[in-house]
Amino acid sequence: MEGTRRLTVWLGVGAFLFCVPSVYCFSVAAQDGTCEANGSVYYVGEWYFLDSEHCTQCECTAEGAVCARTECTALPAACIHVSHYPSDCCTRCERIGCEHRGQVYDLGQNFQPSECEQCTCDNDGIARCLVADCAPPACVNPVFQSGKCCPDCKDGPNCYVDDSRAQIIPGGEAVWVDSCTKCRCHDGQDAGYWEGNRVATCTHLPNCTISEGEN
């Protein structure tokens, strides 16, 4: 072929190997009808790989050695562990899956790397995660518990009586905080729902005087 480079390799007594790089090879037969390579003699019909080039496989024919280079297939997109042994031509994929923060997961596996994340190992080898968006807690003293992302209101919905934050009252019912003042904060059962209001709404009885000792 015009413009094609050829490589000539000595295979043994009376045999030369002519190669078109990365495509195919052929040889002129030895005088005794055998093929010599790798320090050994091969007979017609035998297959062998060249020690000097593990990706080149040859067949000994009556016309001489006919060789071709092995084309390696692409590794799977989700391959996370590869190996290449000295005797191999192509790299091997030992495991497919996803690697996320140093941990390995199988394809299709759902996992929770933290309390606030839910992840799935997709078929392309990428771990895709959703992060929880916590709603404002319906209390002023939420508690974080192990294994949960969002805080809980252990004592139920509540709020502060006033901006001093000195007193907390439960939500959903009116509470007399002194003899003249009634306060209320919302919870989920109210028509308006509890929307993160941290201070109660209070009403004061008109012309009411707080008893001595209540302050």
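Residues numbered from 1 in each chain as written. Predicted model: local features only at pLDDT ≥ 70, side-chain atom pairs only at ≥ 80, totals over all residues. Heavy atoms only, no water.

## Focus: the sheet that holds strand E15 (residues 127–131)
As a reminder, the rule being used: Should DSSP find at least two bridges between two strands, the strands are regarded as paired. Numbering of helices and strands runs from the N terminus; a helix is a DSSP stretch of H or I covering at least four residues, while a strand is a stretch of E covering at least two.
Here three strands make up an open sheet; going across it, the order is E13-E14-E15 and the pairing antiparallel. Sheet topology places strand E13 (110–111) and E15 at the edges, where each strand pairs with a single neighbour. Taken together, the five bridges between strand E14 (residues 117–121) and E15 define a ladder with antiparallel strand orientation. The partner of Thr 120 across the bridge, within E15, is Arg 128.

## A short note on the packing of aromatic side chains
Spelled out, the test is: Whether two aromatic rings pair depends on their centres lying within 6.5 Å, for rings of Phe, Tyr and Trp, where Trp uses its six-membered ring; planes under 30 degrees apart make the pair stacked, over 60 edge-to-face, and the rest tilted. Summary of the burial criterion: residues with accessible area below 20% of their type's maximum are buried, those above 50% are exposed, and those between are partly exposed, where the area comes from a 1.4 Å probe applied to protein chains only.
Under the definition given, this model contains two aromatic pairs. An angle of 15 degrees between the planes, with centres 3.9 Å apart, marks the rings of Tyr 42 and Tyr 48 as stacked. The residues Tyr 42 and Tyr 48 share a single accessibility class, namely buried. Judged by centre distance (3.6 Å) and plane angle (5 degrees), the rings of Tyr 105 and Phe 111 are stacked. Look at Tyr 105 and you get buried, because its relative accessible area is 13%.

## What to know about the side chain of His 100
As a reminder, the rule being used: The criterion used for residue contact is that any of the two residues' heavy atoms lie within 4.5 Å.
On the secondary structure map, His 100 appears in strand E11 (residues 98–100). If we skip the residues at most four places from it in the chain, His 100 touches Tyr 105, Phe 111, Pro 113, Cys 119, Ala 127 and Cys 129.

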